[in-house]
Amino acid sequence: RDLYSQFLKEMIIQPGIAKANLGVSREDVTLEDHPLNPNPDSRWNTYFKDNEVLLQIDKDVRRLYPDMAFFQRPTDYPCLLILDPQNEFETLRRRVEQTTLKSQTVARNRSGVTNVSSPLKSTPSSLSEYEVLPNGCEAHWEVVERILFIYAKLNPGIAYVQGMNEIVGPLYYTFATDPNSEWKEHAEADTFFCFTNLMAEIRDNFIKSLDDSQCGITYKMEKVYSTLKEKDVELYLKLQEQNIKPQFFAFRWLTLLLSQEFLLPDVIRIWDSLFADDKRFDFLLLVCCAMLTLIRDQLLEGDFTLNMRLLQDYPISDVHLILKKAKELQDSK
(Lines give C-alpha, C1' and ligand atoms only; values in the text may rest on other atoms or scores of the structure.)
Protein backbone atom coordinates (compact mmCIF):
# COMPACT_ATOMS: atom_id res chain seq x y z
CA ARG A 1 0.00 0.00 0.00
CA ASP A 2 2.91 2.35 0.70
CA LEU A 3 4.41 1.44 -2.63
CA TYR A 4 1.14 2.31 -4.36
CA SER A 5 1.00 5.74 -2.77
CA GLN A 6 4.58 6.18 -3.98
CA PHE A 7 3.36 5.40 -7.52
CA LEU A 8 0.63 8.02 -7.16
CA LYS A 9 3.18 10.62 -6.13
CA GLU A 10 5.51 9.79 -9.01
CA MET A 11 3.00 9.38 -11.81
CA ILE A 12 0.14 11.78 -11.35
CA ILE A 13 1.97 15.09 -11.18
CA GLN A 14 1.77 17.77 -13.78
CA PRO A 15 5.30 18.82 -14.77
CA GLY A 16 6.18 22.35 -13.83
CA ILE A 17 3.68 22.73 -11.02
CA ALA A 18 5.84 20.99 -8.46
CA LYS A 19 8.83 23.26 -9.00
CA ALA A 20 6.73 26.40 -9.21
CA ASN A 21 5.31 25.53 -5.82
CA LEU A 22 8.80 25.24 -4.39
CA GLY A 23 9.31 28.93 -5.03
CA VAL A 24 11.21 28.51 -8.31
CA SER A 25 9.82 31.10 -10.70
CA ARG A 26 7.83 29.85 -13.72
CA GLU A 27 10.45 31.33 -16.00
CA ASP A 28 13.20 29.02 -14.77
CA VAL A 29 10.94 26.00 -14.94
CA THR A 30 9.97 26.76 -18.51
CA LEU A 31 13.53 27.35 -19.66
CA GLU A 32 14.49 23.95 -18.40
CA ASP A 33 11.53 22.03 -19.83
CA HIS A 34 8.46 23.42 -21.57
CA PRO A 35 5.29 22.05 -23.22
CA LEU A 36 6.73 22.29 -26.76
CA ASN A 37 10.01 20.59 -25.91
CA PRO A 38 10.40 17.80 -28.53
CA ASN A 39 13.10 16.01 -26.51
CA PRO A 40 11.93 12.43 -25.75
CA ASP A 41 13.18 12.89 -22.16
CA SER A 42 10.95 15.92 -21.67
CA ARG A 43 8.43 15.38 -18.90
CA TRP A 44 5.94 17.38 -20.95
CA ASN A 45 6.40 15.08 -23.93
CA THR A 46 5.58 12.13 -21.67
CA TYR A 47 2.64 14.06 -20.22
CA PHE A 48 1.01 14.52 -23.64
CA LYS A 49 1.65 10.90 -24.65
CA ASP A 50 0.07 9.78 -21.39
CA ASN A 51 -2.97 11.89 -22.17
CA GLU A 52 -3.73 9.77 -25.24
CA VAL A 53 -3.78 6.65 -23.08
CA LEU A 54 -5.75 8.44 -20.40
CA LEU A 55 -8.50 9.51 -22.80
CA GLN A 56 -8.99 5.92 -23.96
CA ILE A 57 -9.16 4.67 -20.35
CA ASP A 58 -11.54 7.47 -19.45
CA LYS A 59 -13.95 6.60 -22.24
CA ASP A 60 -14.02 2.95 -21.17
CA VAL A 61 -14.31 3.33 -17.39
CA ARG A 62 -17.22 5.75 -17.59
CA ARG A 63 -19.19 2.94 -19.25
CA LEU A 64 -18.31 0.28 -16.69
CA TYR A 65 -21.34 -1.86 -15.76
CA PRO A 66 -23.94 0.68 -16.90
CA ASP A 67 -26.74 -1.47 -15.43
CA MET A 68 -25.40 -0.81 -11.92
CA ALA A 69 -25.19 2.53 -10.17
CA PHE A 70 -22.17 1.47 -8.11
CA PHE A 71 -19.40 2.84 -10.32
CA GLN A 72 -21.09 6.24 -10.61
CA ARG A 73 -21.46 6.60 -6.85
CA PRO A 74 -18.93 8.44 -4.69
CA THR A 75 -16.46 6.31 -2.75
CA ASP A 76 -16.35 6.70 1.05
CA TYR A 77 -12.56 6.79 0.81
CA PRO A 78 -11.51 9.30 -1.86
CA CYS A 79 -7.76 9.55 -2.40
CA LEU A 80 -6.78 12.39 -0.05
CA LEU A 81 -3.32 12.58 -1.54
CA ILE A 82 -4.82 13.63 -4.87
CA LEU A 83 -7.78 15.69 -3.66
CA ASP A 84 -6.02 17.78 -1.03
CA PRO A 85 -6.08 21.32 -2.49
CA GLN A 86 -2.75 22.08 -0.79
CA ASN A 87 -0.76 19.62 -2.88
CA GLU A 88 0.66 19.81 -6.38
CA PHE A 89 -1.26 16.89 -7.90
CA GLU A 90 -3.83 17.37 -10.56
CA THR A 91 -6.71 14.90 -10.63
CA LEU A 92 -7.00 12.76 -13.74
CA ARG A 93 -10.54 14.06 -14.11
CA ARG A 94 -9.23 17.59 -14.51
CA ARG A 95 -6.68 16.42 -17.02
CA VAL A 96 -9.37 14.76 -19.08
CA GLU A 97 -11.62 17.81 -18.94
CA GLN A 98 -8.81 20.09 -20.11
CA THR A 99 -7.78 17.74 -22.89
CA THR A 100 -11.25 16.92 -24.19
CA LEU A 101 -12.59 20.44 -24.27
CA LYS A 102 -10.11 21.28 -27.01
CA SER A 103 -10.19 18.05 -28.96
CA GLN A 104 -13.90 17.29 -29.03
CA THR A 105 -14.83 20.26 -31.11
CA VAL A 106 -13.27 18.75 -34.23
CA ALA A 107 -14.62 15.35 -35.18
CA ARG A 108 -13.23 13.57 -38.20
CA ASN A 109 -15.22 10.66 -39.53
CA ARG A 110 -13.65 7.64 -41.16
CA SER A 111 -14.00 8.86 -44.72
CA GLY A 112 -11.84 11.83 -43.81
CA VAL A 113 -14.59 14.46 -43.66
CA THR A 114 -13.96 16.88 -40.85
CA ASN A 115 -16.86 18.30 -38.89
CA VAL A 116 -16.13 21.26 -36.72
CA SER A 117 -18.93 21.46 -34.21
CA SER A 118 -19.47 24.42 -31.97
CA PRO A 119 -18.51 23.51 -28.41
CA LEU A 120 -21.57 25.47 -27.25
CA LYS A 121 -23.97 23.21 -29.12
CA SER A 122 -23.01 20.01 -27.37
CA THR A 123 -25.82 17.51 -27.01
CA PRO A 124 -27.41 16.96 -23.61
CA SER A 125 -26.17 13.35 -23.55
CA SER A 126 -22.53 14.35 -23.77
CA LEU A 127 -23.08 16.93 -21.03
CA SER A 128 -24.65 14.41 -18.67
CA GLU A 129 -21.79 12.01 -19.35
CA TYR A 130 -19.44 14.58 -17.93
CA GLU A 131 -21.55 15.38 -14.89
CA VAL A 132 -19.05 15.47 -12.10
CA LEU A 133 -19.30 15.04 -8.37
CA PRO A 134 -18.66 18.06 -6.14
CA ASN A 135 -15.07 18.87 -5.17
CA GLY A 136 -13.59 16.51 -2.64
CA CYS A 137 -15.68 13.57 -3.91
CA GLU A 138 -14.59 10.80 -6.25
CA ALA A 139 -16.77 8.30 -8.08
CA HIS A 140 -15.70 4.65 -8.03
CA TRP A 141 -15.02 4.77 -11.79
CA GLU A 142 -12.43 7.50 -11.17
CA VAL A 143 -10.57 5.20 -8.79
CA VAL A 144 -10.61 2.46 -11.45
CA GLU A 145 -9.33 4.99 -13.98
CA ARG A 146 -6.35 5.77 -11.75
CA ILE A 147 -5.54 2.08 -11.26
CA LEU A 148 -5.52 1.51 -15.04
CA PHE A 149 -3.52 4.66 -15.72
CA ILE A 150 -0.79 3.67 -13.26
CA TYR A 151 -0.76 0.13 -14.67
CA ALA A 152 -0.30 1.57 -18.17
CA LYS A 153 2.56 3.79 -16.99
CA LEU A 154 4.34 0.90 -15.27
CA ASN A 155 3.83 -1.49 -18.19
CA PRO A 156 4.64 0.57 -21.29
CA GLY A 157 5.06 -2.57 -23.40
CA ILE A 158 1.34 -3.30 -23.19
CA ALA A 159 0.10 0.04 -21.72
CA TYR A 160 -3.70 0.01 -21.84
CA VAL A 161 -5.83 -2.15 -24.13
CA GLN A 162 -9.60 -1.91 -24.33
CA GLY A 163 -11.13 -4.65 -22.21
CA MET A 164 -8.77 -4.30 -19.27
CA ASN A 165 -11.46 -2.14 -17.67
CA GLU A 166 -13.74 -5.20 -17.68
CA ILE A 167 -11.06 -7.22 -15.86
CA VAL A 168 -10.33 -4.65 -13.18
CA GLY A 169 -14.04 -3.84 -12.52
CA PRO A 170 -15.04 -7.05 -10.67
CA LEU A 171 -11.81 -7.02 -8.62
CA TYR A 172 -12.32 -3.44 -7.49
CA TYR A 173 -16.01 -4.02 -6.78
CA THR A 174 -15.13 -6.98 -4.55
CA PHE A 175 -12.70 -4.95 -2.44
CA ALA A 176 -14.75 -1.76 -2.38
CA THR A 177 -17.92 -3.49 -1.14
CA ASP A 178 -16.23 -5.64 1.50
CA PRO A 179 -18.06 -5.47 4.86
CA ASN A 180 -14.70 -4.94 6.57
CA SER A 181 -13.87 -1.24 6.40
CA GLU A 182 -10.11 -1.83 6.27
CA TRP A 183 -10.45 -3.69 2.96
CA LYS A 184 -12.79 -0.99 1.72
CA GLU A 185 -10.45 1.80 2.66
CA HIS A 186 -7.49 0.28 0.79
CA ALA A 187 -9.51 -1.04 -2.15
CA GLU A 188 -7.54 1.02 -4.66
CA ALA A 189 -4.05 -0.22 -3.76
CA ASP A 190 -5.20 -3.81 -3.17
CA THR A 191 -7.06 -3.95 -6.47
CA PHE A 192 -4.03 -2.55 -8.28
CA PHE A 193 -1.75 -5.38 -7.13
CA CYS A 194 -4.37 -8.11 -7.66
CA PHE A 195 -5.02 -6.74 -11.14
CA THR A 196 -1.28 -6.67 -11.85
CA ASN A 197 -0.95 -10.31 -10.76
CA LEU A 198 -3.92 -11.38 -12.84
CA MET A 199 -2.65 -9.46 -15.88
CA ALA A 200 0.72 -11.22 -15.51
CA GLU A 201 -1.20 -14.44 -16.28
CA ILE A 202 -3.53 -13.19 -19.03
CA ARG A 203 -1.63 -10.29 -20.62
CA ASP A 204 -0.74 -12.40 -23.68
CA ASN A 205 -4.43 -12.30 -24.65
CA PHE A 206 -4.13 -8.53 -25.02
CA ILE A 207 -0.94 -8.44 -27.11
CA LYS A 208 -1.83 -8.44 -30.79
CA SER A 209 1.61 -9.56 -31.99
CA LEU A 210 1.24 -12.77 -29.96
CA ASP A 211 -2.20 -13.67 -31.33
CA ASP A 212 -1.00 -16.58 -33.41
CA SER A 213 1.69 -17.83 -31.06
CA GLN A 214 1.16 -20.71 -28.63
CA CYS A 215 0.43 -18.35 -25.77
CA GLY A 216 -1.80 -16.05 -27.84
CA ILE A 217 -5.56 -15.79 -28.03
CA THR A 218 -6.03 -17.53 -31.42
CA TYR A 219 -4.46 -20.70 -30.07
CA LYS A 220 -6.76 -20.61 -27.03
CA MET A 221 -9.85 -20.09 -29.18
CA GLU A 222 -8.92 -23.08 -31.34
CA LYS A 223 -8.49 -25.02 -28.12
CA VAL A 224 -12.15 -24.36 -27.23
CA TYR A 225 -13.13 -26.10 -30.47
CA SER A 226 -10.70 -28.99 -30.11
CA THR A 227 -12.00 -29.59 -26.56
CA LEU A 228 -15.57 -29.43 -27.88
CA LYS A 229 -14.70 -31.92 -30.60
CA GLU A 230 -13.50 -34.32 -27.90
CA LYS A 231 -16.60 -33.87 -25.74
CA ASP A 232 -19.39 -33.43 -28.31
CA VAL A 233 -18.38 -34.17 -31.89
CA GLU A 234 -21.89 -33.69 -33.30
CA LEU A 235 -22.13 -30.13 -32.01
CA TYR A 236 -18.55 -29.41 -33.15
CA LEU A 237 -19.35 -30.54 -36.71
CA LYS A 238 -22.53 -28.47 -36.78
CA LEU A 239 -20.66 -25.28 -35.86
CA GLN A 240 -17.95 -26.11 -38.40
CA GLU A 241 -20.51 -26.74 -41.10
CA GLN A 242 -22.15 -23.36 -40.44
CA ASN A 243 -18.70 -21.75 -40.53
CA ILE A 244 -19.15 -20.32 -37.04
CA LYS A 245 -15.57 -19.57 -36.09
CA PRO A 246 -14.53 -19.40 -32.43
CA GLN A 247 -13.34 -15.80 -33.08
CA PHE A 248 -16.99 -14.74 -33.37
CA PHE A 249 -17.73 -15.37 -29.69
CA ALA A 250 -14.84 -17.09 -27.85
CA PHE A 251 -12.54 -14.09 -28.31
CA ARG A 252 -14.66 -12.05 -25.92
CA TRP A 253 -15.39 -14.99 -23.60
CA LEU A 254 -11.70 -15.77 -23.14
CA THR A 255 -10.03 -12.36 -23.12
CA LEU A 256 -12.54 -10.86 -20.70
CA LEU A 257 -12.89 -14.06 -18.60
CA LEU A 258 -16.66 -14.08 -19.30
CA SER A 259 -17.11 -10.74 -17.53
CA GLN A 260 -19.31 -9.45 -20.36
CA GLU A 261 -21.58 -12.48 -20.57
CA PHE A 262 -23.11 -12.41 -17.08
CA LEU A 263 -24.21 -10.00 -14.37
CA LEU A 264 -21.49 -8.89 -11.98
CA PRO A 265 -22.41 -11.16 -9.01
CA ASP A 266 -22.39 -14.14 -11.39
CA VAL A 267 -19.06 -13.08 -12.88
CA ILE A 268 -17.60 -13.00 -9.37
CA ARG A 269 -18.99 -16.50 -8.74
CA ILE A 270 -17.37 -17.82 -11.95
CA TRP A 271 -14.06 -16.15 -11.13
CA ASP A 272 -14.17 -17.74 -7.71
CA SER A 273 -14.09 -21.17 -9.36
CA LEU A 274 -11.54 -20.09 -11.96
CA PHE A 275 -9.04 -18.63 -9.53
CA ALA A 276 -9.42 -21.58 -7.16
CA ASP A 277 -8.30 -23.96 -9.90
CA ASP A 278 -4.57 -24.58 -10.34
CA LYS A 279 -5.04 -24.86 -14.08
CA ARG A 280 -7.46 -21.95 -14.13
CA PHE A 281 -7.29 -21.25 -17.84
CA ASP A 282 -7.79 -24.89 -18.77
CA PHE A 283 -10.87 -24.73 -16.59
CA LEU A 284 -11.99 -21.58 -18.43
CA LEU A 285 -11.90 -23.59 -21.69
CA LEU A 286 -14.11 -26.20 -20.06
CA VAL A 287 -16.53 -23.51 -18.87
CA CYS A 288 -16.76 -22.26 -22.48
CA CYS A 289 -17.41 -25.84 -23.66
CA ALA A 290 -20.04 -26.29 -20.96
CA MET A 291 -21.76 -23.11 -22.19
CA LEU A 292 -21.87 -24.56 -25.71
CA THR A 293 -23.11 -28.03 -24.71
CA LEU A 294 -25.84 -26.59 -22.48
CA ILE A 295 -27.46 -24.95 -25.51
CA ARG A 296 -26.59 -27.78 -27.93
CA ASP A 297 -30.24 -28.56 -28.84
CA GLN A 298 -30.88 -24.95 -29.86
CA LEU A 299 -27.56 -24.80 -31.75
CA LEU A 300 -28.24 -28.05 -33.60
CA GLU A 301 -31.64 -26.76 -34.73
CA GLY A 302 -30.68 -23.17 -35.46
CA ASP A 303 -29.31 -21.61 -38.62
CA PHE A 304 -26.20 -19.40 -38.77
CA THR A 305 -28.00 -16.15 -37.82
CA LEU A 306 -29.91 -17.69 -34.95
CA ASN A 307 -26.85 -19.45 -33.57
CA MET A 308 -24.71 -16.33 -33.80
CA ARG A 309 -27.34 -14.49 -31.80
CA LEU A 310 -27.31 -17.23 -29.15
CA LEU A 311 -23.54 -17.12 -28.85
CA GLN A 312 -23.24 -13.34 -28.87
CA ASP A 313 -25.98 -12.98 -26.25
CA TYR A 314 -25.76 -16.14 -24.18
CA PRO A 315 -29.23 -17.21 -23.00
CA ILE A 316 -28.51 -19.12 -19.76
CA SER A 317 -28.03 -17.02 -16.66
CA ASP A 318 -27.69 -19.83 -14.10
CA VAL A 319 -23.92 -19.94 -13.58
CA HIS A 320 -24.14 -22.83 -11.10
CA LEU A 321 -25.53 -24.99 -13.87
CA ILE A 322 -22.64 -23.97 -16.14
CA LEU A 323 -19.97 -24.58 -13.50
CA LYS A 324 -21.47 -27.97 -12.63
CA LYS A 325 -21.37 -28.95 -16.30
CA ALA A 326 -17.76 -27.73 -16.62
CA LYS A 327 -16.81 -29.84 -13.60
CA GLU A 328 -18.45 -32.89 -15.20
CA LEU A 329 -16.46 -32.29 -18.38
CA GLN A 330 -13.29 -31.94 -16.31
CA ASP A 331 -13.94 -35.22 -14.49
CA SER A 332 -14.83 -37.09 -17.66
CA LYS A 333 -11.29 -36.80 -19.07
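Since the model is a prediction, treat every value here as computed from it, not as a measurement.

Caption draft 1: Just the packing of helix 9 (residues 164-176) against helix 15 (residues 264-276), in detail. Where helix 9 contacts helix 15, the two axes come as close as 10 Å, and the packing angle between them is 90°. Overall, the two elements helix 9 and helix 15 adopt an arrangement that is roughly perpendicular. In this structure, helix 9 contributes Glu166, Ile167, Pro170, Leu171, Tyr173 and Thr174 to the contact, and helix 15 contributes Leu264, Val267, Ile268 and Trp271.

Caption draft 2: Quick peek at the confidence of the model for the protein chain. Summing up the model confidence of the protein chain, the mean pLDDT is 82 and the portion of residues at 70 or higher is 77%. The lowest-confidence element of the protein chain is helix 7 (residues 124-129), averaging 42 in pLDDT; the highest-confidence one is helix 9, averaging 97. The low-confidence segment residues 18-30 (pLDDT under 50) makes 11 contacts with residues lying over four places distant or belonging to another chain. In this model residues 101-130 is a low-confidence stretch, pLDDT under 50, and it forms 20 contacts with partners more than four residues away in sequence or in other chains.

Caption draft 3: Looking closely at the packing of helix 8 (residues 140-154) against helix 11 (residues 187-202). Interhelical geometry of helix 8 versus helix 11 gives an angle of 45° and a closest axis separation of 10 Å. In terms of their interaxial angle, helix 8 and helix 11 are classed as oblique. By crossing handedness, the relation of helix 8 to helix 11 is classed as right-handed. Counting all contacts with helix 8, which are made through Val143, Arg146, Ile147, Leu148, Ile150, Tyr151 and Leu154, the residues of helix 11 involved are Glu188, Thr191, Phe192, Phe195, Thr196 and Met199. Class assignment of the residues belonging to the contact of helix 8 with helix 11 gives a composition of 9 nonpolar, 2 polar and 2 charged.

Reading the values: rules and limits
- Residues numbered from 1 in each chain as written.
- Predicted model: local features only at pLDDT ≥ 70, side-chain atom pairs only at ≥ 80, totals over all residues.
- Heavy atoms only, no water.
- Axes fitted to C-alpha atoms, helices over the stretch in contact; angles between N-to-C directions.
- Helix = DSSP H or I, 4+ residues; strand = E, 2+ residues; numbered from the N terminus.
- Parallel < 35°, antiparallel > 145°, perpendicular 65-115°, else oblique.
- Contact = heavy atoms within 4.5 Å.
- pLDDT = per-residue confidence, 0-100.
- Left-handed = near helix turned anticlockwise from the far one by under 90°.
- Nonpolar A, V, L, I, M, F, W, Y, C, P; charged D, E, K, R; others polar.

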